[in-house]
Structures are given as C-alpha cells and as structure tokens.
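# Coordinate inspection notes
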Amino acid sequence: MESSRPIGVFDSGIGGLTVYRSIAKQLPQYDYIYLGDNGRAPYGNRSFKTIHEYTWECVQWMFNQGCPLVILACNTASAKALRTIQQQDLPNSPYTHKRVLGVIRPTAEVIGEYTNSNQIGVLGTKGTIQSNSYLIEIEKFFPDVKVYQQACPLWVPLIENGEYNKPGADYYVQQYLDEIMSQSAHIDTLLLACTHYPLLQDKIKTHLPADVNVVAQGDIVAVSLADYLQRHPDIEEKLTRNQDRRFFTTTDDTEDFDKHASLFTDDEVKSTYVSMKQ
Ligand code: DGL
C-alpha cells in the first residue's frame, strides 16, 4: 500500500480548523492530517522560546506522519516560530526536503484590497500583536495602508471553553472592539488575525457598524496554498490523493475536541490523542 503523504495543518487548538476547512474545500483531492496542541493551548500569552519549542516539536511529529508540507494555521506560531523553523531548524534537521508555511504573509499580501479608507484594524493574540508581524508585512505590500492593532487575550479562552456563543461573551467582544475602533474613526476593515476568532464573527458583527468589513483568513490562506502548490510541483507531486482526513490532539479529552471540532468542519471528526513531551 502506498504510504500516506498528507498536507499537515497545525494549530495550538481547535481554531486552525477554520483554516483547514477552507483549504480542504479548495483542495479536496489531497490527504490531510490536523494536529491541535490543545493540551498546551492557549499559546497566545506564552514566551517566544516556548511557542517555538512546542511548534517545532509538533511540526516534526507531523513530518514523521509523512507530511511533505505543514501549514502553521496558527497566527501566534506563524509570528513567533515560523522564521526560526524555516531558517534554522529545517536546514539543520533530517527534514531539509520538507516545507513549513505560515498564514501571516499570504494574508498581508491581499488584506489591503479589502479597505477603501486605507485603515485596517488587526485583532490577534498578545503574541501576534506584540510581534508586530502584521504591521511589518502589510507595510511591505501596502505602504499606504495604516494598520491599528489590538490584542484580545480573553477571546481564545472563551472559545476553547465553549463560551463563545453565550451572552457573557458579548462583554469581552465589545470591550476589545471599543479599544480598536477608538484608535481611528476611519477603520473600515477588521482582520481576524487569530484562527479562533471566526467563531466569534457573528457576535463581532453585531457590535460594529454595518459598513465595517470583518475578514477571516481561511479562504485567503486556501487560495494562496493552491497557488503555492502550482508553483512548487516538487512538493505537490509528493502529496497523496486519497481524500483521507485524520485529526489528532494533545488533549486526552478527545470527545471534547470532537464536539467542538464538529462546529468547524463538515467532516466527521474522530480525533486521536497524541502525547508530546513537555
Ligand atoms: N489560534 C492561534 C492563533 O491563530 C492562537 C490561539 C492561542 O492563543 O493558542 O493565533
């Protein structure tokens, strides 16, 4: 039997399933494995060193499952770990022929097309916002666009704990939206720069003027990946195409993962527990 060489999609938890859903819809022919590091989430408030260590560990695990390519669906991991993995870890590892991609650059490449006022608000975890990655990357592609940023540290815990559609969540949604919208009256586009936030999208919209665009990243990343695979046939040819989907999590409560994951994907999720060393 041909051994499986799936596309790997990694996130600190369940949020990356919003990106996985878009990718698997755009490119249904391939095999996929998803790994959520729920056992150690949230990553958002952790140090650079820890996020890098956890992310590289998970990436290597996915390589060992046969993935020629891993997508860091997590913005925090993309902001804090991707560069070190690409520039230092991969070249000095047994995996030099494999690739790791993130979500920040593909988003920065197109986000300027969503704004008329040239003013964008970026909402993310503390780690993503403090890294200034979006500020730096958007400036490269859209130098005329002014970027405002706001960390929303309480949103991921609300989502990971299944509180995101309860009335109590409105208080925290309102609080961070007030903070960002008070930075400028001309922000017409808000980027949800955390894979978890699309779960709050309906609530977010009810707390904003109707003419503010709320942009989630899934479809942007999916289109960019399709383009990448066209430009890199050496990687594309390695991928197996049996439409096989497998889900892994580092929490031993796989039932809880499956319950929440079913909100993100039409596939039936039956995850498998995998242990990472601490
Ligand atoms: N889903 C991750 C992101 O996109 C962050 C969640 C976390 O804090 O673990 O940034």
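Summarised in this report is the structure supplied together with it. Treat the numbers as computed from the prediction; the structure is a model and nothing was measured. (Residues numbered from 1 in each chain as written. Predicted model: local features only at pLDDT ≥ 70, side-chain atom pairs only at ≥ 80, totals over all residues. Heavy atoms only, no water.)

### Quick look at the overall build of the chain
- From N to C terminus, the chain includes 13 helices and ten strands.
- In summary, the chain has a C-alpha radius of gyration of 18 Å against a globular reference of 19 Å for 278 residues, a match within 12%.
- Principal-axis analysis of the C-alpha atoms places the extent of the chain at approximately 60 × 40 × 35 Å.
- Relative to its full complement of 278 residues, the chain shows a buried share of 58%.
- Counting only contacts in the chain whose residues sit at least 6 apart along the sequence, the fraction spanning at least 24 positions is 78%.
- Across the chain, 25 positive and 34 negative side-chain charges occur, with their mean positions spaced 5 Å apart. (Helix = DSSP H or I, 4+ residues; strand = E, 2+ residues; numbered from the N terminus. Rg over C-alpha atoms; globule rule 2.2 N^0.38 Å. Buried < 20%, exposed > 50% of the residue type's maximum accessible area, 1.4 Å probe, protein only. Contact = heavy atoms within 4.5 Å. Lys, Arg positive; Asp, Glu negative; His and termini not counted. Charge placed at Lys NZ, Arg CZ, Asp CG, Glu CD.)

### A word on the packing of aromatic side chains
- Scanning all chains against the criterion turns up 13 aromatic pairs.
- Seen in terms of ring centroids, Tyr 34 and Phe 247 are 6.4 Å apart; in terms of plane orientation they differ by 45°. Their pairing is tilted. Linking Tyr 34 in strand β2 (residues 32-36) with Phe 247 in strand β9 (residues 245-249), this pair joins segments that are 213 residues apart in sequence.
- Grouping aromatic residues by their ring pairs yields a cluster made of Tyr 20, Tyr 32, Tyr 34, Phe 247 and Phe 257.
- The positively charged end of Arg 40 is found above the aromatic ring belonging to Tyr 54, 3.8 Å away from the centroid.
- Here the basic side chain of Lys 146 rests over the ring of Tyr 148, its NZ or CZ set 5.0 Å away from the ring centre. (Phe/Tyr/Trp six-rings, centres within 6.5 Å; stacked < 30°, edge-to-face > 60°. Lys NZ or Arg CZ within 6 Å of the ring centre and 35° of its normal.)

### Focus: the site of the ligand
- Surveying the vicinity of the ligand reveals 13 residues, the closest of which are Ser 12, Tyr 43, Gly 44, Thr 76 and Thr 195.
- A distance of 2.6 Å separates an oxygen atom of the ligand from a polar backbone atom of Tyr 43.
- Within the contact set of the ligand, an oxygen atom lies 2.8 Å away from a backbone nitrogen or oxygen of Gly 44.
- The protein chains hide 99% of the 300 Å² of surface that the ligand would expose on its own.
- Per-class residue counts for the shell around the ligand are five nonpolar, seven polar and one charged. (Near = heavy atom within 4 Å. Polar contact = N/O pair within 3.5 Å; in protein donor to acceptor, adjacent residues only side chain to side chain. Areas by Shrake-Rupley, 256 points an atom, 1.4 Å probe, with all protein chains shown as cover. Nonpolar A, V, L, I, M, F, W, Y, C, P; charged D, E, K, R; others polar.)

### Observations regarding the environment of Gln 87
- By the element assignment, Gln 87 lies in helix α4 (residues 82-89).
- Gln 87 gets classed as exposed once you look at its relative accessible area, which sits at 56%.
- It is 36 Å that separates the C-alpha atoms of Gln 87 and Glu 179, two residues lying 92 residues apart in sequence.

### Quick word on the nonpolar core
- With 30 residues, the main nonpolar core has Ile 7, Leu 17, Ile 23, Tyr 32, Leu 225 and Leu 229 as its most contacted residues.
- Looking at this core, the elements with two or more residues in it are β1 (7-11), α1 (17-26), β2, β3 (69-72), α11 (218-231) and α13 (254-261).
- It is α11 that provides the largest number of residues to this core, a total of six residues.
- Tyr 32 has contacts with Pro 6, Ile 7, Val 9, Tyr 20, Ile 23, Ala 24, Leu 27, Asp 244, Arg 245 and Arg 246, leaving out every residue within four places of it along the chain. (Core = buried A, V, L, I, M, F, W, Y, C linked by side-chain atoms within 4.5 Å.)

### As for the sheet that holds strand β6 (residues 146-151)
- Pairing is parallel across the open sheet formed by four strands, whose spatial order is β6-β5-β7-β8. Of all the strands in the sheet, just β6 and β8 (213-215) have a single pairing partner and so form its edges. Going across the sheet, the axis of each strand differs from the next one's by a mean of 20°, ignoring polarity.
- Where strand β7 (residues 189-192) lies against β8, three bridges are found, and the strand directions are parallel. (Pairing = 2+ DSSP bridges. Axes fitted to C-alpha atoms, helices over the stretch in contact; angles between N-to-C directions.)

### Some details on the pattern of salt bridges
- In total, this model carries twelve salt bridges according to the counting rule given.
- For the salt bridge of Glu 57 with Arg 40, the shortest nitrogen-to-oxygen distance reads 3.1 Å. Pair noted here: Glu 57 is in helix α2 (residues 48-64) and Arg 40 is in the loop between β2 and α2, with a separation of 17 residues, a long-range link.
- For Glu 57, a relative accessible area of 14% puts it in the buried group.
- Through salt bridges with shared partners, one network takes in Arg 105, Glu 109, Glu 137 and Lys 140. (Salt bridge = Lys/Arg side-chain N within 4 Å of Asp/Glu carboxyl O.)

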